[in-house]
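The primary structure of each chain is shown beneath.
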Amino acid sequence: MFAEVSFPISSYQTFSYKVPEHLTSQITVGIRVKVPLGNRKVNGIVVGISNSSSFKGKIREIHDLIDDQQVLNDNLWSLIKWLSKYYNSPLGLAAKAVLPSNLSTKYKPKVEVLVKALAVKDFNDSLGRAQKTVYDHLKSFDDSLPVKALSDFCSNPKDICNKLAEKGLVSLLDRPIIPDLSEFAFNTKNKKIVLTQEQNVALDKMVSCMDENKFNPILLHGVTGSGKTEIYIEAARHAIKINKTVIMLLPEISLTPQIAGRFRSAFGNDVALWHSKLSQGARAWTWKEICGGKFKVVIGARSAIFAPLKNVGLIVVDEEQESSYKQESPNPRYHARDVALMRGKLDNASVVLASATPSMESYYNYLNGKYEYIHLKERFGSAKYPKVHVVDMIKESEETELYGNIFSRLLLEKIEDRLSKKEQVILFHNRRGFAPILRCEDCGEITMCPHCNIALTYHKSGKYLQCHFCNHTKKSIPSKCSSCQSYNLNLSGTGTQKVEDELSNKFPDSIVKRLDADSVRSGINLTKTLQEFYDKKIDILIGTQMIAKGLDFANTTLVGIINGDTGLFLPDFRSGEKVFQLIYQAAGRSGRGEIPGEVVIQTYSPENPVIKCATELNVEKYYNICLEERKALLYPPFSWLVKVEIRGKNITELEKSINNIKNRMIDPPKGISILGPALCYREKLRDYYRMQLILKSNKELDINGTTLHKYYKSIMSKQFDSEVTSKQRLIIDINPVSLL
Ligand code: ADP
Ligand code: ZN
Ligand code: ZN
């Protein structure tokens, strides 16, 4: 018997291996194996089995299996094949996304040794002093103790316990050390939940799909605070009741502690968490236990969509508009929302795409009848929508004659007012660090990252400059301009650290905390800060997009948006949509409890339609404007896109390669247009220049994107790889979320 094996490499080639006698009964398609390749042993996945092999050379043997139980079922295997085909990714790579190579069901957690005294009558043998002390101590307990815990009684508890065991006085037992799963879930107060009629209508839709084993995608469009999370919890309860499992995707690590807390208080240890801050041990253990069927619910980031759960009945994609659901690198560059839909289709699950600000794609799909649509228009209970104040920062500067001020008078006044009532404030600013740029006041030169074409950000805590793309760090701040040698350098712009600094000066008696990628390197810090804010031990929470969505704090009655315009002018067709969603979501953190809330939005462009609609909290109006624009320019959701990008250090060679590729794209079918080649907006990252070509296909002529797919494949088959030199990288992105 022979097996075809695919490896997690960027080649589509597969390799033949002999299946040794003792493994023949266990080898099936979709099983992971360890095999020799060159002079290494590597992991691969079996993609085919046959009785003969056409390969003429020497065929080597499979060495071993990676897992000791079946991980993939037919549906997950189909999902891998779909990923590979749809995202143009070799099977081995697609398989690796689903079955990460450092995880295996053979994982054994570390163990600790427990010791327990045995009841022994008439024991005559004499014991040494240390043995006697330990034995007497153990006898006073009914239960077993970790051997390590005896170090107060003797210097070598392990030896002593072994000796006592030899004499038959104690028993020793290995206990696996299970990771502490409560670490990322904070305690939420239990309250009585009786779903409203509106919520029940939504729930019934999900429940009936599950009962009928029917795939039925639902767009749950519920305003912030409408009680979407309570609906997921009830839907999950039903799934578990009928023996199905649940995947709940969250776009941002900062949402995990609260949502996980709410789910854990409903389902206890049936809930697994899956995100980037898990330790390697916790990750390995969690995965193994998911395979073994211990968990009913997996809550996590985008890769949780691949959780090897069996019989998935419900998949929720919370904040489905978030771009973090898209994997930019490595290949497969999948979008977890699309994978969720495909997995739901294969598993006949109920798939809920939920948001207060749906993506244009999902909204458009609803308009076209592709999704069931549920609209929750009101906040739960007595909570009302917050009152929004817009501050024109240009006018503010003119009136106060203070330029570059972080806080307007109105915002300060409102903060003061809320603090005096013992209510809490969230300030949102989507720039981390202290000051985004170091600029020469004489010649205008900005200190850039030497590897990327991007300004370095000043971090005050460690007094260093850092690139937010490649993390390049400059320990000493230059004292003079590299271009004109002037000493007149100035830090300009505002990051969250500066907001925190100024705020602490202005409100010295208040407790101010910051949540951004710099302050929460560890998950524990994150959970702690969020729990403290929930317990009202923090007055003002400052943060980046991390705190803009999903969080539910009833006592927060004021949200301040320091600069509503951040990101508005980036040359990407999605920048308006993103800014709108962020402002709307951030505003949604205010007034979620009984006390009515307010929002202060500071902007330099109050007349900009994006800002205007956002400040009116008018989703429909903005979405209509946005869809009109997209339609006129034929951008998604009115077209399908493929981005062909090449990276290289030598810009002349790069231009040559990309032009050669462009020259292959002759006579595209009707409806397909080709944009570029052009330098990307972020033209140099990590020492590599970037150029791109965009293929765009009109949906009216290409409803499912198959024409674009075929066209693109046909060029692929002419190997446009061959145009790319070994020093360059070719990146193909299907449905890219960003063209920057
Ligand atoms: P969303 O996820 O839509 O932003 P949440 O589920 O966080 O909204 O609900 C907002 C608040 O209202 C939460 O504190 C939640 O517990 C509460 N809530 C929602 N529905 C109910 C209900 N039926 N009974 C009691 N409390 C509810
Ligand atoms: Zn200068
Ligand atoms: Zn850099």
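Just so it is clear, the structure is predicted and the values come from calculations on it, not from any experiment.

Asker: I tried to follow the site of ligand 1 on my own but got confused; where do I start?
Answerer: Near ligand 1, the surroundings consist of 18 residues, among which Lys 191, Val 194, Thr 229, Glu 230 and Asp 552 are the closest. Between ligand 1 and the protein, one listed contact pairs a nitrogen atom with a backbone N or O atom of Val 194 at 2.8 Å. Judged by the proximity of its atoms to the pocket grid, ligand 1 belongs to the second largest pocket.

Asker: Looking at this structure, how should I read the coordination of the zinc ion (ligand 3)?
Answerer: Protein-derived ligands of the zinc ion (ligand 3) are Cys 449 (SG), Cys 452 (SG), Cys 467 (SG) and Cys 470 (SG), with the metal-ligand distances lying across 2.3 to 2.4 Å. One way to put it: the four donor atoms around the zinc ion (ligand 3) meet at angles of 105 to 112°, and that makes the site tetrahedral. Between the donor residues of the zinc ion (ligand 3), the gaps in sequence give the motif C-x2-C-x14-C-x2-C. With Cys 449 in the loop between strand 19 (437–440) and strand 20 (457–459) and Cys 470 in the loop between strand 21 (464–466) and strand 22 (473–474), this pair connects stretches of sequence that are 21 residues apart.

Asker: Looking at this structure, I do not really get the packing of aromatic side chains. What am I missing?
Answerer: When we look at a pair of aromatic rings, we describe it by the centre distance and by the angle of the planes. Enumeration over the complete set of coordinates arrives at 22 aromatic pairs. Consider the rings of Phe 7 and Tyr 17, whose centres lie 6.5 Å apart with planes at 85°: the pair is edge-to-face. One end of the pair, Phe 7, is in the loop between strand 1 (2–6) and strand 2 (15–18); the other, Tyr 17, is in strand 2, and 10 residues separate them in sequence. Its relative accessible area of 3% is what places Phe 7 among the buried residues. The class of Tyr 17 is buried, set by a relative accessible area of 3%. On the numbers, 6.1 Å between centres and 75° between planes, the contact of Tyr 622 with Tyr 623 is edge-to-face. For the pair Tyr 622 and Tyr 623, one class covers both residues: buried. An aromatic cluster of at least three residues, connected via ring pairs, comprises Tyr 363, Tyr 366, Tyr 373, Tyr 385, Phe 580, Tyr 584, Tyr 622 and Tyr 623. Lying across the ring of Trp 640, Lys 699 places its NZ or CZ 4.5 Å from the centre.

Asker: Looking at this model, I keep getting lost on helix 18 (residues 651–664). Mind explaining?
Answerer: Each α-helix turn comprises 3.6 residues. Residues three or four places apart therefore point the same way. Helix length check: helix 18, at 14 residues, gives a terminal C-alpha distance of 20 Å against a target of 20 Å (1.5 Å per residue), a fit within 8%. Within the span of helix 18, buried status applies to Leu 654, Ser 657, Ile 658 and Ile 661. Summarising the axial view, the buried residues of helix 18 lie within an arc of 90°, below the 170-degree limit, and thus occupy one face. Exposed positions of helix 18 whose direction lies more than 90 degrees from the buried face are Thr 652, Lys 656 and Asn 663.

Asker: Can you help me understand the sheet that holds strand 8 (residues 145–146) in this one?
Answerer: What links the strands of a sheet is backbone hydrogen bonding, and the strands pair in either a parallel or an antiparallel sense. Read across the open sheet, the three strands follow the order 8-7-9; overall the sheet is antiparallel. The sheet terminates laterally at strand 8 and strand 9 (170–176), the two strands that pair on one side only. Two elements, strand 7 (residues 111–117) and strand 9, share seven bridges in a ladder whose sense is antiparallel. Across the sheet, Leu 114 pairs through a bridge with Leu 173, a residue of strand 9. The strands that helix 3 (residues 129–139) touches are strand 7, strand 8 and strand 9; relative to strand 7, the one it contacts most, it runs at about 85°. Strands strand 7 and strand 9 of the sheet are contacted by helix 4 (residues 157–166), whose axis makes an angle of about 125° with strand 9.

Asker: Got a minute to help me understand the layout of surface pockets in this structure?
Answerer: If you roll a probe as big as a water molecule over the atoms, it shows you where there is empty space left. By volume, the second largest pocket amounts to about 1200 Å³. Lining of the second largest pocket is provided by 48 residues; of these, Lys 191, Ile 193, Glu 230, Arg 262 and Asp 552 occupy positions nearest its centre. Those elements that place two or more of their residues in the lining of the second largest pocket are helix 6 (228–241), helix 7 (256–267) and helix 14 (523–534). Tallying contributions element by element places helix 6 first for the lining of the second largest pocket, with seven residues. For the lining of the second largest pocket, the residue count by class is 15 nonpolar, 18 polar and 15 charged. When residues are assigned to domains, the lining of the second largest pocket turns out to be shared by domain 3 (183–376) and domain 4 (387–432 + 494–629), each giving three or more.

What counts and how
- Residues numbered from 1 in each chain as written.
- Chains lettered and ligands numbered in written order.
- Predicted model: local features only at pLDDT ≥ 70, side-chain atom pairs only at ≥ 80, totals over all residues.
- Heavy atoms only, no water.
- Near = heavy atom within 4 Å.
- Polar contact = N/O pair within 3.5 Å; in protein donor to acceptor, adjacent residues only side chain to side chain.
- 1 Å grid on protein atoms, 1.4 Å probe; cavity = no way out; pocket = protein on both sides within 12 Å on 5 of 7 lines; lining within 4 Å.
- Sits in = over half its atoms within 2 Å of the grid points.
- Donors = N, O, S within 2.8 Å, 3.2 Å for Na, K, Ca; no water.
- Tetrahedral: all angles 85-135°; square planar, octahedral: opposite > 155°, others 65-115°.
- Helix = DSSP H or I, 4+ residues; strand = E, 2+ residues; numbered from the N terminus.
- Phe/Tyr/Trp six-rings, centres within 6.5 Å; stacked < 30°, edge-to-face > 60°.
- Buried < 20%, exposed > 50% of the residue type's maximum accessible area, 1.4 Å probe, protein only.
- Lys NZ or Arg CZ within 6 Å of the ring centre and 35° of its normal.
- Expected span 1.5 Å × (residues − 1).
- Arc of directions from axis to C-beta.
- Pairing = 2+ DSSP bridges.
- Contact = heavy atoms within 4.5 Å.
- Axes fitted to C-alpha atoms, helices over the stretch in contact; angles between N-to-C directions.
- Points joined across faces, edges and corners; volume = space filled by probe spheres on them.
- Nonpolar A, V, L, I, M, F, W, Y, C, P; charged D, E, K, R; others polar.
- Domains from an automatic or database assignment.

Any functional reading would require information beyond the geometric quantities listed.
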